[in-house]
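One letter stands for each residue in the lines below.
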Amino acid sequence: MTEARTLLDVARTLAVEAGDLVRHGRSQAEVAATKSSSVDIVTQMDLAAERLIRTRLAALRPDDGILGEEGDDVPTRSGVTWVVDPIDGTVNYLYGLPHYAVSVAAVTGDPSPARWTVEAGAIVDGSGVLWSAAREEGAWRDGARLRRDGGPELSQSLVATGFQYVAERRRLQGAVAAALLDQVRDLRRLGSAAVDLCLVAAGTIDAYYEHGLQAWDMAAGLLIAQEAGVRTGNLSGGPADSSVLIAAVPERWQELRDALDAAGAGEMWEAARR
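Here is a short report on the structure shown in this document. (Residues numbered from 1 in each chain as written. Predicted model: local features only at pLDDT ≥ 70, side-chain atom pairs only at ≥ 80, totals over all residues. Heavy atoms only, no water.)

## Some remarks on the pairing of strand β8 (residues 138-141)
Piece 1. For strand β7 (residues 130-134) and β8, the ladder comprises 4 bridges, and the chain directions are antiparallel. Across the sheet, Ser132 pairs through a bridge with Trp140, a residue of β8.
Piece 2. Counting the residues between successive antiparallel strands, the hairpin from β7 to β8 contains 3 residues, one of them, Glu136, with a positive phi of roughly 65°.
Piece 3. Examined bridge by bridge, β8 and strand β9 (residues 144-145) share 2 bridges and lie antiparallel to one another. Opposite Arg141, over in β9, you have Ala144 as the bridge partner. (Pairing = 2+ DSSP bridges. Helix = DSSP H or I, 4+ residues; strand = E, 2+ residues; numbered from the N terminus.)

Pasting the structure below:
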């Protein structure tokens, strides 16, 4: 068994266990804290799910590092770091909407989007579907192989995006979305980057872009999309990072990138950083 497959088995186990925990606890979810703004929330189930994952990793792979949204970073001794989002789409989760997910990925190298290598990833969404991938071995939805084979013209594409919880950045993101809207079939804002990337991998959504994502938002979903044949990257064509993530089939990627650039996506991100 390859190292990626070994890590995939662990990722799947952790995502399924944490996914069961958060689904069964959703009716009792309540806000435990806020983060970037008063509407950017953490529930007690976010914290419980990350505790479960950290406890299991300490037993299964004690030399690995952890980069999690809700806890302290653990440096790696093995060269492997687990990038964990216990609930991606917490607002959806709190409101009883199904577009949320537990996301678990194993990366090697520097655990940052521009420099890492994602070896394996698993996502369990709010419906209990298991999405997963291993580097250079493929991507799966509940065990069925995922493969994108082309897609519609940009003008006929259903494109997903997302917005941050800081008001000024949302205004800038809204302006980019407004400029893009008449160039595509329609836009969707489902509320979970992890779920959006899985849906692009499956062809349920044609393409996706978003500004300001963190490592844990994208790690597992990036690998699932890439292994399904989706191209991912930032505006300069380099690896997707916190500036922007663009995901589309290869024959549409550049067209979407150019449309976003013309819509002011690059200037928007520079303004948001200041």
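Moving on from the coordinates now.
## Quick word on the packing of helix α5 (residues 193-202) against helix α6 (residues 215-227)
Piece 1. For the pair α5 and α6, interaxial distance at closest approach is 8 Å and the crossing angle is 5°. Judged on the interaxial angle alone, α6 and α5 are roughly parallel. Here α5 contributes Ala193, Ala194, Leu197, Cys198 and Ala201 to the contact with α6, which in turn contributes Asp217, Met218, Gly221, Leu222, Ile224 and Ala225.
Piece 2. Its residues assigned to classes, the contact of α5 with α6 comprises 9 nonpolar, 1 polar and 1 charged. (Axes fitted to C-alpha atoms, helices over the stretch in contact; angles between N-to-C directions. Parallel < 35°, antiparallel > 145°, perpendicular 65-115°, else oblique. Contact = heavy atoms within 4.5 Å. Nonpolar A, V, L, I, M, F, W, Y, C, P; charged D, E, K, R; others polar.)

## Description of the pairing of strand β5 (residues 101-108)
Piece 1. Burial within β5 is extensive, with 7 of its 8 residues counted as buried.
Piece 2. In this structure, strand β4 (residues 80-88) lies alongside β5, joined through 7 bridges in antiparallel fashion. When the bridges of β5 are listed, Thr81 appears paired with Val107.
Piece 3. Note: β5 against strand β6 (residues 117-125), 8 bridges, orientation antiparallel. The partner of Val107 across the bridge, within β6, is Val118. (Buried < 20%, exposed > 50% of the residue type's maximum accessible area, 1.4 Å probe, protein only.)

## A look at the environment of Ile87
Piece 1. Here Ile87 shows up in strand β4.
Piece 2. When the C-alpha positions of Ile87 and Ala18 are compared, they lie 9.1 Å apart, and in sequence the two are 69 residues distant.
Piece 3. Residues in contact with Ile87, not counting those within four places in the same chain, are Val22, Thr43, Met45, Asp46, Glu69, Tyr93, Tyr100 and Ala101.

## Here we look at the sheet that holds β7
Piece 1. Taken in spatial order, the 7 strands of this open sheet run β3-β4-β5-β6-β7-β8-β9, and their pairing is mixed. Bordering the open sheet on either side are β3 (65-68) and β9, each of which pairs with just one other strand.
Piece 2. With 4 bridges joining them, β3 and β4 adopt parallel strand pairing. Within the sheet, the bridge partner assigned to Gly68 lies in β4 and is Val84.
Piece 3. Lying over the sheet, α6 contacts β3, β4, β5, β6, β7 and β8, oriented at roughly 100° with respect to β6.

## Let's talk about unusual backbone geometry
Piece 1. The backbone of Glu136 sits at a positive phi, close to 65°, despite the residue not being glycine.
Piece 2. With respect to the helices, strands and loops of the structure, Glu136 is situated in the loop between β7 and β8.

## A closer look at the pattern of salt bridges
Piece 1. A full pass over the atoms with the stated rule returns 15 salt bridges.
Piece 2. Measuring nitrogen to oxygen at the nearest pair gives 2.7 Å for the salt bridge that ties Arg5 to Glu137. With a gap of 132 residues between them, Arg5 in helix α1 (residues 3-24) and Glu137 in the loop between β7 and β8 connect regions that are remote in the sequence.
Piece 3. Between Arg171 and Glu168 there is a salt bridge; the shortest N-O distance is 2.7 Å. Remark: Glu168 and Arg171 occur in helix α4 (residues 167-180); sequence separation between them is 3 residues, near one turn of the helix. (Salt bridge = Lys/Arg side-chain N within 4 Å of Asp/Glu carboxyl O.)

## A few points about the layout of surface pockets
Piece 1. Roughly 180 Å³ of internal volume is contained in the second largest pocket.
Piece 2. Contributing elements (two or more residues each) for the lining of the second largest pocket: β6 and α6.
Piece 3. Looking at the lining of the second largest pocket element by element, the count peaks at 4 residues for α6.
Piece 4. In terms of residue class, the lining of the second largest pocket is made up of 8 nonpolar, 4 polar and 3 charged. (1 Å grid on protein atoms, 1.4 Å probe; cavity = no way out; pocket = protein on both sides within 12 Å on 5 of 7 lines; lining within 4 Å. Points joined across faces, edges and corners; volume = space filled by probe spheres on them.)

## What to know about empty space enclosed by the protein
Piece 1. A complete count under the given rule lists 1 cavity of 30 Å³ or more for this structure.
Piece 2. Counted as a void, the largest cavity has a volume near 60 Å³.
Piece 3. Lining the largest cavity we find Arg148, Gly151, Pro152, Leu154, Ser157, Asp206, Ala207, Ala248, Val249, Arg252 and Leu256.
Piece 4. Looking at the lining of the largest cavity residue by residue, the classes come out as 6 nonpolar, 2 polar and 3 charged.

## Re the nonpolar core
Piece 1. Grouped together as the largest cluster of nonpolar side chains are 40 residues, with contacts concentrated most on Val83, Trp116, Ile123, Trp131, Tyr208, Ile224 and Leu245.
Piece 2. With 9 residues, α6 is the largest single contributor of residues to this core.
Piece 3. Ignoring any residue separated from it by four or fewer positions in sequence, one finds Leu245 in contact with Leu197, Tyr208, Tyr209, Glu210, Leu213, Met218, Leu222, Gly233 and Ala240.
Piece 4. In this structure, Ala11, Val22, Ile87 and Ala120 belong to the second largest nonpolar core, which totals 30 residues. (Core = buried A, V, L, I, M, F, W, Y, C linked by side-chain atoms within 4.5 Å.)

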